[in-house]
Amino acid sequence: ETWKINKRMTCNNYNITYLIECNKDNCKQRYIGESKRPLKHRLAEHRGYIVNHHIDKATGAHFTSPGHSVSNLRVTELEQVKYNNDSYRKERERYYGNKLNTYHEGLNRQI
């Protein structure tokens, strides 16, 4: 499925939902996240989980698994959420997680 992103988005956007994908052809696992901070700051945390082997974090566990590395991580900002509200932003994260089934078949499932 595809959908159109109607707004210019950068790593400086905040109050966002985002998608992390593994770009390996035989993998394609996905993770949906949200952040009130700029995407570049949240992405730096995910990269830190990988580089520092924080396997208690979903992205750290996945991208340090055999045959994977931080170079396989691809991020897409999905939405700059219209209300600067933690509950609403988390609801949008759940919406995308359900839409892309990341809770059952993706990286949002519990480790």
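To be clear, the structure that these remarks concern was listed above.
By convention here, each chain's residues receive numbers from 1 onward along its written sequence. Thresholds applied to this predicted model are a pLDDT of at least 70 for local features of residues and 80 or more for the giving and counting of side-chain atom pairs; totals over whole chains, interfaces and linings are not thresholded and use all residues. Heavy atoms from the whole structure form the basis of all side-chain values; hydrogens and water molecules are not counted.

### Section: the pattern of salt bridges
Think of a salt bridge as a Lys or Arg side-chain nitrogen and an Asp or Glu carboxyl oxygen that are within 4 Å of each other. Counted under the stated rule, the structure contains eight salt bridges. Of the charged contacts in the structure, one is a salt bridge between R37 and E45, with a shortest N-O distance of 2.8 Å. Note that R92 is salt-bridged to E79, the shortest N-O span being 2.9 Å. Taken as a pair, R92 in helix 3 (residues 86-99) and E79 in strand 3 (residues 73-80) lie far apart in primary sequence, 13 residues in all. The two residues R92 and E79 agree in class, both being buried. Look at the salt bridges and you will find they share partners, linking E34, D86, R89 and K90 into a network. For helices the rule is a DSSP run of H or I covering at least 4 residues; for strands it is a run of E covering at least 2, with both sets numbered from the N terminus onward. Only protein chains enter the accessibility calculation, which uses a 1.4 Å probe; a residue is then buried when its area is under 20% of its type maximum, exposed when over 50%, and partly exposed in between.

### Let's talk about the nonpolar core
Nonpolar side chains in soluble globular proteins tend to end up buried together. What is meant by a nonpolar core is a set of buried Ala, Val, Leu, Ile, Met, Phe, Trp, Tyr and Cys residues, joined one to another through side-chain atoms within 4.5 Å. Grouped together as the largest cluster of nonpolar side chains are twelve residues: I16, Y18, I20, C22, Y31, L39, L43, I50, A58, F63, L73 and L107. At the level of secondary structure, the elements contributing two or more residues to this core comprise strand 1 (16-22), helix 1 (39-51) and helix 2 (58-63). At four residues, strand 1 tops the list of elements feeding residues into this core. With residues up to four places along the chain from it excluded, the contact list for I16 reads G33, E34, S35, R37, L39, E77, E79, Q80, V81 and R89. A contact between two residues is defined here by any heavy atoms of the two lying within 4.5 Å.

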